[in-house]
Amino acid sequence: MMKARLIAYYLPQYHPIPENDAVWGKGFTEWTNVAKAKPLFKGHYQPRIPADLGFYDLRLPEVRQQQADMARDAGVEGFCYWHYWFGNGKMLLQRPFEEVLQSGQPDFPFCLCWANHSWTTKTWTKLKDAPAEQMIAEQTYPGVDDYIAHFNYCLPAFRDKRYITVDGRPLFGVFDPFLFPDMRRFIETWREQARLNGLPDIYFYAITHSAWTLRYDENGALVRCMPNVKSSADAFRNILQFGFDALNSNGQRRAEMLYTNRSWDMARKVLNKYLPFLPGQYFDYKRVVKNMFAPEDAWENIFPTVYPQWDRSPRQGKADSIYVDSTPEAFQQHLETAVNLVAQKQPEHRILFLKSWNEWAEGNYVEPDLRFGHRYLDAIKNAIK
């Protein structure tokens, strides 16, 4: 038996689509940003070049099979595919998952997380020459009829024998509960549709930071608040109240606030927005991940996030934080800490989310690269198996 259920977020972006072609030029994918990345300081690991799989195209079934084989061997339970539904049937990047579902291959577990955010020209990179941020695809919430259509689209996946379940129910995530003004009705609608279609229910989880500057007040309005870096209890309950069964807690912001100073960290985020000439923020990986987990991550229905690396400079330049000196050995220690954190939970709930399997332009991936080879996969195997 595995020590924990490690589920890896999976980006299906590595193939051209018309919407990206129209904005960035024909053939654009994340590889475009990855390949042209430059070091920003001495010792900065850029560009990051893939090894075994090369600059792959996810329209190729043999690539998807190789990924699944690597993940299974390392001890990853399954992939959580980012799922883009913008309302009224509008979707993007659905081809790789649809082909996995329809072909039955690879025979490797999966689930879906709804990436419920608009796509703008800041989604994949920053357009230096654009006069203003441009909308590529706007996230909308048209209402119950659309929620039912969305459910029916996902239903064949929920019925697939490979679909990941928790307590016998298909696991389904919502990326940003703060962007969703109609969460409660959406969840209620899907639970009803699940019963009508012979499913036991849906196991809903939301992604949320363990220290965050937003919360819902007693009237359901979204308000700003001071993040609590000592306890995440109020932040977690604030989201669970809408009907979610669990949360995938993300400790990145908490860890960065504790690394420096909460007030300075928040101020720096604002300054970076208006003063782009400021130097970037660099965090030592070993030090920052020490504060990645909140005490409440030990709750039965909280599923923590583990980070192998973090460096969004291929997308955002120096505008976002960069974790330096991340190594497979340091990641293994981070993952072992997470495994111990969930060890006392019921076996079904010993879930950890890996961010991520293949987010190369965010520098959070475990696929082989030219510097580390298979060592990140080996780190998972050592910590999980």
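Let us look at the structure shown here. Keep in mind the model is a prediction, meaning the values are calculated, not measured.

**Remarks on the packing of helix α12 (residues 328-342) against helix α13 (residues 375-384)**
(1) Moving on: Closest axis-to-axis distance for the α12/α13 pair is 9 Å, and the angle between their directions is 30°. The angle between α12 and α13 places the two elements in the roughly parallel class. The chirality of how α12 crosses α13 is right-handed. Along its contact with α12, which presents Pro 328, Glu 329, Phe 331, Gln 332, Leu 335, Glu 336 and Val 339, the element α13 presents Arg 375, Tyr 376, Ala 379, Ile 380, Asn 382, Ala 383 and Ile 384.
(2) Moving on: Residue classes in the contact of α12 with α13 are distributed as 9 nonpolar, 2 polar and 3 charged.

**Focus: α13**
(1) Moving on: Among the residues of α13, Tyr 376, Leu 377, Ala 379, Ile 380, Ala 383 and Ile 384 are the ones counted as buried. What you see down the axis of α13 is that its buried residues fit within an arc of 155°, all on one side.
(2) Moving on: Where α13 is buried, its residues meet β1 (5-10), α3 (61-74), α12 and β16 (351-354).

**Quick word on the pairing of strand β2 (residues 78-87)**
(1) Moving on: Along β2, 10 of the 10 residues are buried, which leaves the element largely enclosed by surrounding structure.
(2) Moving on: Pairing analysis gives 5 bridges linking β2 to strand β4 (residues 110-114), with the strands arranged parallel. When the sheet's bridge partners are listed, His 83 is paired in β4 with Trp 114.
(3) Moving on: Both β2 and strand β3 (residues 90-92) contribute to a ladder of 3 bridges, which runs antiparallel. Following the sheet pairing, Trp 85 is matched in β3 by Met 91.
(4) Moving on: The antiparallel pairing of β2 with β3 creates a hairpin that spans 2 residues between the two strands, and Asn 88 there sits at a positive phi of about 55°.

Cut-offs applied
Residues numbered from 1 in each chain as written. Predicted model: local features only at pLDDT ≥ 70, side-chain atom pairs only at ≥ 80, totals over all residues. Heavy atoms only, no water. Axes fitted to C-alpha atoms, helices over the stretch in contact; angles between N-to-C directions. Helix = DSSP H or I, 4+ residues; strand = E, 2+ residues; numbered from the N terminus. Parallel < 35°, antiparallel > 145°, perpendicular 65-115°, else oblique. Left-handed = near helix turned anticlockwise from the far one by under 90°. Contact = heavy atoms within 4.5 Å. Nonpolar A, V, L, I, M, F, W, Y, C, P; charged D, E, K, R; others polar. Buried < 20%, exposed > 50% of the residue type's maximum accessible area, 1.4 Å probe, protein only. Arc of directions from axis to C-beta. Pairing = 2+ DSSP bridges.

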